[in-house]
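Residue-level structural notes
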Amino acid sequence: MDKPELNTTVQAMMQAGKGLLAMDESNPTCNKRFAKLGIPQTVEARRAWRELILTVDGLGEFISGAILYDETIRQSKNDGTSFLKLLTDAGIVPGIKVDTGAKDLAGHPGEKVTEGLDGLRERLSEYRQMGARFAKWRAVITIGEGIPSHGCVEANAHALARYAALCQEAGLVPVVEPEVLMDGDHTLEQCARVTEETLHTVFSQLHRQRVLLEGMILKPNMVLPGRDCPTQVSVEEVADTTVNCLLRAVPAAVPGIAFLSGGQSAELASARLNAMNFRWRSKMPWVLTFSFSRAIQQSALDIWKGQENNLAAAQKALYHRARCNSMARLGEYSPNMENS
Ligand code: 13P
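We now turn to the structure provided with this report. Every value quoted in this text rests on a predicted model; they were computed, and no experiment measured them. (Residues numbered from 1 in each chain as written. Predicted model: local features only at pLDDT ≥ 70, side-chain atom pairs only at ≥ 80, totals over all residues. Heavy atoms only, no water.)

**Side note on the site of the ligand**
Around the ligand, the surrounding shell holds 13 residues, and the nearest of these are K136, K219, S261, G262 and R294. S261 places a side-chain nitrogen or oxygen 2.4 Å from an oxygen atom of the ligand. Between R294 and the ligand, the recorded distance is 2.7 Å, taken from a side-chain N or O atom to an oxygen atom. Secondary-structure elements contributing two or more residues to the shell around the ligand are β6 (134-141) and β10 (287-292). (Near = heavy atom within 4 Å. Polar contact = N/O pair within 3.5 Å; in protein donor to acceptor, adjacent residues only side chain to side chain. Helix = DSSP H or I, 4+ residues; strand = E, 2+ residues; numbered from the N terminus.)

Put into structure tokens, the structure is as follows:
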């Protein structure tokens, strides 16, 4: 394992005032979002959308790393410039999603396990040769009647740790993403309990598999009440509950934590990240930033709708969200920025 190299990549990804852009939707997920807006679900439309994102002027001011998908990492701008070159020219570290998706976990109705370990060493080596310097693997944990089970949390934590060890062997920084879903009517407290338990299990497995904590990034959910929970809570309560949960479960050796947005509104995702940094800055041992997909892309996608003449307005919306989140990473975001 090349520790100095992993450290260099982590430092580049966790630069002050910047965060990660997740643009690694699998083809089925990307197509689903396109279908809702009447955008054709084709290779070319997906390429054009990713080109729109990567050609936002000044994106590198706010984004330090971008997570690509297998189809996207091989694509280019219409003038032939590869997406990988666009990223490196903008000072953005290229990353790649390497899991092959969450599948039903046998014997565990309603629960999933993420697949993709078979052949992973070879795939990582190819991505690294192409220019990727970090990777992502997402596990999903569902809260519901009698779930999550220990079997599900342990199976997912084990897979995350095996993936992370293989990444570090290949010289790629693993982004370790155990996502406790917002779906359901569970309370904030239930989400806090499940998130803390999941993180303890993940870090125990990372230790077992000899993963270098200094050479990884954690990508967790924020601690939130379920989407259908009648009791929703303030921005400050989410911030305090989330940071307390992380302080209990994430070792100080981990250099950075980059949240997923998970279906929150873009404005709330920014406000909550901001509150965590504003209220807890001096008490946190790690950098706290974003690795959003929907909370950066969705407003721009809604404007674009696959139409060339909406391109400039969509790019402006994406730039705005990246900027808001950059300010939230510093604890300097204000909802007033949404009107400017
Ligand atoms: P969202 O921010 O839309 O939750 O996506 C983040 C991500 O990368 C999920 O794996």
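Back to the text.
**Some thoughts on the packing of aromatic side chains**
Counting across every chain of the model gives five aromatic pairs. Here F290 and F292 contribute two aromatic rings whose centre-to-centre distance is 5.7 Å and whose plane-to-plane angle is 40°, an arrangement assigned as tilted. The class of F292 is buried, set by a relative accessible area of 0%. Cluster of aromatic residues (ring-pair linked, three or more members): F34, W49 and W304. Directly above the ring of W280 sits K283, whose terminal nitrogen or CZ lies 5.7 Å from the centroid. (Phe/Tyr/Trp six-rings, centres within 6.5 Å; stacked < 30°, edge-to-face > 60°. Buried < 20%, exposed > 50% of the residue type's maximum accessible area, 1.4 Å probe, protein only. Lys NZ or Arg CZ within 6 Å of the ring centre and 35° of its normal.)

**Structural notes on the sheet that holds β10**
What links the strands of a sheet is backbone hydrogen bonding, and the strands pair in either a parallel or an antiparallel sense. Taken in spatial order, the eight strands of this closed barrel run β1-β2-β3-β6-β7-β8-β9-β10, and their pairing is parallel. Bridge analysis of strand β3 (residues 93-97) against β6 gives three bridges, and the strand direction is parallel. In the sheet register, I96 faces β6, and the bridge partner there is A135. Along the sheet, helix α8 (residues 188-208) makes contact with β6, β7 (173-180) and β8 (217-218), crossing β7 at roughly 150°. In the packing of helix α12 (residues 311-330) onto the sheet, the strands contacted are β2 (63-68) and β10, and the crossing angle to β10 comes to about 160°. (Pairing = 2+ DSSP bridges. Contact = heavy atoms within 4.5 Å. Axes fitted to C-alpha atoms, helices over the stretch in contact; angles between N-to-C directions.)

**Examining the pattern of salt bridges**
Scanning the model with the defined rule gives 23 salt bridges in all. With its nearest N and O atoms 2.8 Å apart, the salt bridge here joins D183 to R227. On the criterion of sequence distance, the pair formed by D183 in the loop between β7 and α8 and R227 in the loop between β8 and α9 (235-249) is long-range, its members being 44 residues apart. For D183, a relative accessible area of 38% gives the class partly exposed. For D240, the salt bridge identified is with R279, shortest N-O distance 2.8 Å. Of this pair, D240 sits in helix α9 while R279 sits in helix α10 (residues 266-280); the two residues are 39 residues apart in sequence, bridging distant segments of the chain. (Salt bridge = Lys/Arg side-chain N within 4 Å of Asp/Glu carboxyl O.)

**Overview of the packing of helix α2 (residues 27-36) against helix α3 (residues 43-54)**
Relative orientation of the contacting elements α2 and α3 amounts to 85°, with a least axis distance of 11 Å. Relative to α3, the element α2 is oriented roughly perpendicular. For the pair formed by α2 and α3, the contact residues are N27, C30, N31 and F34 on the first element and A45, R46, W49 and R50 on the second. Partitioned by chemical class, the residues of the contact of α2 with α3 number four nonpolar, two polar and two charged. (Parallel < 35°, antiparallel > 145°, perpendicular 65-115°, else oblique. Nonpolar A, V, L, I, M, F, W, Y, C, P; charged D, E, K, R; others polar.)

**Considerations on the packing of helix α7 (residues 150-169) against α8**
Following both chains from N to C, one finds α7 and α8 inclined at 40°, their axes separated by 8 Å at the closest point. Here α7 lies oblique to α8, going by the angle between them. With respect to the hand of their crossing, α7 and α8 are arranged in right-handed fashion. Within the contact between the two elements, α7 uses V153, E154, A157, H158, L160, A161 and A164 and α8 uses T198, T201, V202, Q205 and L206. Considered class by class, the residues forming the contact of α7 with α8 number seven nonpolar, four polar and one charged. (Left-handed = near helix turned anticlockwise from the far one by under 90°.)

**A few points about unusual backbone geometry**
In this structure, P148 follows I147 across a cis peptide bond, with omega equal to 15°. With respect to the helices and strands, P148 occurs in the loop between β6 and α7. For R210, which is not glycine, the phi torsion reads 60° and is therefore positive. Among the secondary structure elements, R210 is positioned in the loop between α8 and β8. In the Ramachandran plot, K305 falls in the positive-phi region, its phi being about 55° despite a non-glycine side chain. By secondary structure assignment, the location of K305 is in the loop between α11 (294-304) and α12.

**Description of α3**
In this model, α3 (12 residues) spans 16 Å end to end at C-alpha, consistent with the 16 Å of a helix rising 1.5 Å per residue. By the criterion of burial, α3 is predominantly enclosed, with nine of the 12 residues buried. Taken residue by residue, α3 has A45, R46, R47, W49, R50, E51, L52, I53 and L54 as its buried positions. For α3, the elements touching its buried residues are β1 (19-22), α2, α4 (70-73), α5 (83-89), α11 and α12. (Expected span 1.5 Å × (residues − 1).)

**Remarks on the pairing of β3**
In terms of residue burial, β3 counts as a mostly covered element, since five of its five residues are buried. As paired elements, β2 and β3 share four bridges and run parallel to each other. Bridged to A66 within β3 is P94.

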